[in-house]
Amino acid sequence: MALLNILHYPDKRLHKVAKPVEKVDERIRRLVADMAETMYAAPGVGLAATQVDVHERVIVIDVSETHEQLLTFINPEIVWASETKKLNEEGCLSVPGIYDNVERAEQVKVRALNAKGETFEIDCEGLLAVCIQHEMDHLLGHVFVEYLSPLKQTRIKTRMKKLAHAM
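This report concerns the structure included in the present document. (Residues numbered from 1 in each chain as written. Predicted model: local features only at pLDDT ≥ 70, side-chain atom pairs only at ≥ 80, totals over all residues. Heavy atoms only, no water.)

A short note on the environment of Asp 137
Step number 1: When you line up the elements, Asp 137 lands in helix H2 (residues 126–139).
Step number 2: With a relative accessible area of 10%, Asp 137 lands in the buried category.
Step number 3: Sequence separation between Asp 137 and Val 63 is 74 residues; the distance between their C-alpha atoms is 18 Å.
Step number 4: Once residues within four sequence positions are removed from consideration, Asp 137 is found in contact with Arg 104, His 142 and Tyr 147.
Step number 5: Engagement of the side chain of Asp 137 in a polar contact is seen with the side chain of Tyr 147, the distance being 2.7 Å. (Helix = DSSP H or I, 4+ residues; strand = E, 2+ residues; numbered from the N terminus. Buried < 20%, exposed > 50% of the residue type's maximum accessible area, 1.4 Å probe, protein only. Contact = heavy atoms within 4.5 Å. Polar contact = N/O pair within 3.5 Å; in protein donor to acceptor, adjacent residues only side chain to side chain.)

Structure, rendered in structure tokens:
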């Protein structure tokens, strides 16, 4: 396994739309393992392949406190979302140190493939629902700060560029 480099906003590669995974094979399983290791080391609760400059529809999530409940979503799709929305504070490994409120569906049902290539469905609520929607946005080339006001987006972009130059 290997730690992968996480792209930071406003990197243009974060806006690429991910392509579906055609075959769940050893390469994809290695990507999942590397993404999980990277997410845990960051530390974070979710990571989309787009964030590590791999533009395929792969997400890893673990919202457990013990970091022992890794979920893998390959080619995920939301098949149902509640009409009830909720405002939640979000952060992102691609936008370190920035947190703000984003409104998302309170519950979702997701269909995806696991690391064995088997189809599964899962009902999500709470942090898991927020996380899956957040990570699926990455697969579509969106970063959570794009839900914020233009003024906040500009401030965040400026701050992130200054951080990048300081490194």
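Some thoughts on the nonpolar core
Step number 1: Judged by nonpolar contacts, the single largest core of 17 residues is most densely connected at Ile 59, Ile 61, Phe 73, Val 108, Val 110, Cys 124 and Ile 132.
Step number 2: Looking at this core, the elements that each hand over two or more residues are strand S2 (58–61), strand S6 (107–113), strand S7 (119–125) and H2.
Step number 3: Take this core: its biggest share by element is 6 residues, from H2.
Step number 4: Formed by 16 residues, the second largest nonpolar core is a distinct cluster that contains Val 32, Met 35, Val 58 and Leu 93. (Core = buried A, V, L, I, M, F, W, Y, C linked by side-chain atoms within 4.5 Å.)

Topic: the sheet that holds strand S3 (residues 71–81)
Step number 1: On the basis of which strands lie adjacent, the open sheet formed by 5 strands has the order S1-S2-S3-S6-S7 and antiparallel pairing. Looking at strand neighbours, the two that pair on one side only are strand S1 (46–48) and S7, the edges of this open sheet. Pairwise comparison of adjacent strand axes, ignoring direction, gives a mean angle of 40° for this sheet.
Step number 2: With 3 bridges connecting them, S1 and S2 associate as antiparallel partners. (Pairing = 2+ DSSP bridges. Axes fitted to C-alpha atoms, helices over the stretch in contact; angles between N-to-C directions.)

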